[in-house]
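# Examining the three-dimensional arrangement
Each chain, letter by letter, is given below.
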Amino acid sequence: MPELSSFPIARRWPAAHPDRVQLYAAPTPNGVKVSIMLEETGLAYEPHFVDISKNESKDPAFVSLNPNGRIPAIIDPHGPGGTPIGVWESGAILVYLAEKTGQFIPIAPAARYETLSWVFFQMSAIGPMFGQLGFFLRWGGKDFEDKRPQQRFADESERLLEILDRRLDDRDWIVGEYSIADIATLGWVNALVTTYNAGDLLGLSDFSNIEAWLERGLARPAVKRGLLVPARTA
Ligand SMILES: N[C@@H](CCC(=O)N[C@@H](CS)C(=O)NCC(=O)O)C(=O)O
């Protein structure tokens with residue numbers, strides 16, 4: 001049976017509490033999905049800050065767990081059959097933790113697949129499009145003279161916001177009760193406002209259902225805590 005210490009990533013970021021779920025991440029929109037979920041479920045976990053500005057997610061020890069070299073990733077020392085398991089890709093981690101704890105995913109098959117559809121929508125559309133918009137607004141692409149890529153991702157982000165806003169008409173959460181669909185999406189919409197300062201560009205104030213949903217989500221104590229985990233270290 002593998003021990004936690006047999007994972008190279010656990011040697012690079014040593015565990016003070018090897019019995020807890022080990023989270024390797026940064027407080028970015030993809031990273032906070034998992035810290036919010038861990039806070040919501042009440043599972044004991046130990047966060048490790050992976051500094052992506054120093055390319056630490058490309059460290060061979062990190063890549064040995066996630067070949068894509070991107071945060072977040074986890075190791076659950078009490079995985080299936082009691083054996084440690086590594087999981088990567090934030091959507092897969094959310095599903096794993098939801099199934100492990102029986103929380104934030106409906107049991108009824110129809111509602112379960114509806115929830116997964118919205119999680120995949122976040123993973124395949126909201127995350128990549130908002131992320132590219134962020135690149136062209138705030139990071140490496142912000143000084144590019146050619147503004148067409150920025151416009152392309154702004155238009156697509158606005159289209160996705162329209163879909164989400166329509167979905168939230170007359171409902172508090174994306175599918176029934178608060179679920180991994182909300183947890184996956186909240187951090188990304190929040191980042192549009194706080195990190196990318198794209199609220200005006202995308203006309204966010206026109207999406208009143210999203211604004212109310214974001215406010216509801218941000219009011220949750222676990223969301224407040226999760227948004228700050230793992231704390232950035234120097
Ligand atoms: N589809 C992946 C995307 C992960 C991702 O893009 N993470 C970003 C931070 S939000 C990252 O690690 N960036 C570092 C890099 O690109 O080198 C997931 O959801 O886990």
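Residues numbered from 1 in each chain as written. Predicted model: local features only at pLDDT ≥ 70, side-chain atom pairs only at ≥ 80, totals over all residues.

Inspection of the region around the ligand gives Thr-28, Pro-29, Asn-30, Gly-31, Ile-52, Ser-57, Arg-70, Ile-71, Pro-72, Glu-89, Ser-90 and Gly-127 as its neighbouring residues. A total of 3 residues in the shell around the ligand trace back to one element, the largest contributor, which is helix α2 (residues 29-41). Counted by class, the shell around the ligand contains 4 nonpolar, 6 polar and 2 charged residues. (Near = placed C-beta within 6 Å. Helix = DSSP H or I, 4+ residues; strand = E, 2+ residues; numbered from the N terminus. Nonpolar A, V, L, I, M, F, W, Y, C, P; charged D, E, K, R; others polar.)

Bringing the domain arrangement of the protein chain into the picture now. If you check the domain split of the protein chain, you get domain 1 (4-103) and domain 2 (109-220). With 11 residues of domain 1 at the contact, the number on the domain 2 side is 10 residues. Mapped by element, the contributors of at least two residues to the side of domain 1 that touches domain 2 are α2 and α4 (90-101). Along the lines of polarity and charge, the residues of the side of domain 1 that touches domain 2 split into 7 nonpolar, 2 polar and 2 charged. (Domains from an automatic or database assignment. Contact = placed C-beta atoms within 7 Å.)

Bringing the environment of Arg-11 into the picture now. In this structure, Arg-11 sits in helix α1 (residues 8-12). Residue classification places Arg-11 among the partly exposed positions, given that 13 C-beta atoms sit within 10 Å. Ignoring sequence-local partners within four residues, the contact set of Arg-11 consists of Ser-5 and Ala-61. (Buried ≥ 20, exposed ≤ 12 C-beta atoms within 10 Å, placed from the backbone.)

Within the largest apolar cluster, 63 residues are counted, with the highest numbers of intra-cluster contacts made by Tyr-24, Leu-94 and Ile-180. The element that contributes the greatest number of residues to this core is helix α7 (residues 180-194), accounting for 9 residues. A domain-level breakdown of this core finds at least three residues from each of domain 1 (4-103) and domain 2 (109-220). With near-sequence residues (within four places) excluded, Tyr-24 lies in contact with Ile-9, Trp-13, His-48, Val-50, Phe-62, Ile-71, Pro-72 and Ala-73. (Core = buried A, V, L, I, M, F, W, Y, C linked by C-beta atoms within 7 Å.)

Turning to unusual backbone geometry, a few remarks are in order. What is expected of a backbone is that most residues other than glycine have negative phi and most peptide bonds are trans. For the peptide bond that leads from Ile-71 to Pro-72, omega is 5°, which places it in the cis range. One can find Pro-72 in the loop between α3 (60-63) and β3 (73-76). Cis geometry marks the peptide bond from Val-229 to Pro-230, where omega comes out at -5°. Following the sequence through the fold, Pro-230 ends up in the segment after α9 (221-226). A positive phi angle is found at Phe-104, which is not glycine, with a value near 65°. By the C-beta count within 10 Å, which is 20 here, Phe-104 ends up buried. You will see that Asp-170, though not glycine, has its phi angle at about 65°, which is positive. One can find Asp-170 in the loop between α6 (148-167) and α7. Judged by the 6 C-beta atoms lying within 10 Å of it, Asp-170 falls in the exposed class.

A separate point is the sheet that holds strand β1 (residues 21-25). Strand-to-strand pairing in sheets goes through backbone hydrogen bonds, with the strands running parallel or antiparallel. Taken in spatial order, the 4 strands make up an open sheet running β2-β1-β3-β4, and their pairing is mixed. The open sheet terminates on both sides in strands that have one partner only, identified here as β2 (45-49) and β4 (85-88). Ignoring which end each strand starts from, the neighbouring axes of this sheet average 20° apart. Relative to the sheet, α2 contacts β1, β2 and β3, its axis offset from that of β1 by approximately 155°. (Pairing = 2+ DSSP bridges. Axes fitted to C-alpha atoms, helices over the stretch in contact; angles between N-to-C directions.)

A word on the pairing of β1. Of all 5 residues that make up β1, 5 are buried, and the element is covered over most of its length. Looking at chain direction, β1 and β2 are connected through 5 bridges and run parallel. In the sheet register, Tyr-24 faces β2, and the bridge partner there is His-48. Each parallel crossover has a hand, and for β1 linked through α2 to β2 it is right-handed. The pairing of β1 with β3 spans 3 bridges and is classified as antiparallel. What sits directly across from Leu-23, in β3, is Ile-74. (Right-handed = clockwise from strand over helix to strand, strands pointing away.)

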